[in-house]
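Notes for the structure review
The chain contents come next:
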Amino acid sequence: MMIIYTFYALGKLQASTGAMFSLIVLITMGLGAGLEMAEYFYDQILYPLIGPYLPTELTQGSMIASPLADTMEDVYIDTLGGILGAAMGIILIKREERKGKELEVIDELEALASEEDEP
């Protein structure tokens, strides 16, 4: 949500509320999918190599769920979190627009961006 809000506040993103909502949900789902890929990489490639030497265990699955069920539950929870985060984010963005205020964080980010643009 903060990534989208930052781009929106700085004028780098001109999108409707629905497009911003969709972007927030898709970014959240993408980050969750990346984490699931990292778990799979660890379990399939790294664990066979380092398992005997380190006190680690597999990350996929759980005591009550298969690895596939665990992954799908994680993806659904990521999606639900993205939807809730996007809804809250859109509400905050619209509230700040109505007040005509910007968060102090955005001002600081804009100052940093302008410093980087200068040679």
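Here's a quick rundown of the structure. Model, not experiment: these values are computed from the prediction. (Residues numbered from 1 in each chain as written. Predicted model: local features only at pLDDT ≥ 70, side-chain atom pairs only at ≥ 80, totals over all residues. Heavy atoms only, no water.)

Moving on, we come to the overall build of the protein. Of regular secondary structure, the protein possesses four helices and zero strands. For the protein, the sequential pattern of α-helices and β-strands runs α-α-α-α. Here the protein holds 119 residues, and 21% of them are scored as buried. Taking contacts inside the protein between residues at least 6 apart in sequence as the whole, the part at least 24 apart equals 55%. On the protein, roughly 8,600 Å² of surface is accessible, and the fraction owed to carbon and sulfur atoms is 67%. (Helix = DSSP H or I, 4+ residues; strand = E, 2+ residues; numbered from the N terminus. Buried < 20%, exposed > 50% of the residue type's maximum accessible area, 1.4 Å probe, protein only. Contact = heavy atoms within 4.5 Å. Areas by Shrake-Rupley, 256 points an atom, 1.4 Å probe, with all protein chains shown as cover.)

Look at helix α3 (residues 67-99): 47 Å from first C-alpha to last across 33 residues, which is about the 48 Å you get at 1.5 Å a residue. For α3, the set of buried residues is Asp-70, Thr-71, Thr-79, Gly-82, Ala-86, Gly-89, Ile-90, Ile-93 and Glu-96. The secondary structure elements touched by the buried residues of α3 are α1 (2-9) and α2 (17-50). (Expected span 1.5 Å × (residues − 1).)

Next up on the list: α2. Taking 1.5 Å per residue as the helical rise, α2 with its 34 residues ought to reach 50 Å, and the 47 Å between its terminal C-alpha atoms agrees with that figure. At Asp-43, α2 shows its maximal kink, close to 40 degrees. Those residues of α2 not exposed but buried are Met-20, Ile-24, Val-25, Gly-32, Glu-36, Glu-39, Tyr-42 and Asp-43. Close packing links the buried residues of α2 with α1 and α3. (Bend = angle between axes of the 7 residues up to and from the residue.)

Running from amino to carboxyl end, α2 crosses α3 at an angle of 150 degrees, the nearest separation of the two axes being 8 Å. When the axes of α2 and α3 are compared, the pair comes out roughly antiparallel. Viewed along their axes, α2 and α3 form a crossing whose handedness is right-handed. The residue makeup of the contact of α2 with α3, split by class, is 11 nonpolar, seven polar and five charged. (Axes fitted to C-alpha atoms, helices over the stretch in contact; angles between N-to-C directions. Parallel < 35°, antiparallel > 145°, perpendicular 65-115°, else oblique. Left-handed = near helix turned anticlockwise from the far one by under 90°. Nonpolar A, V, L, I, M, F, W, Y, C, P; charged D, E, K, R; others polar.)

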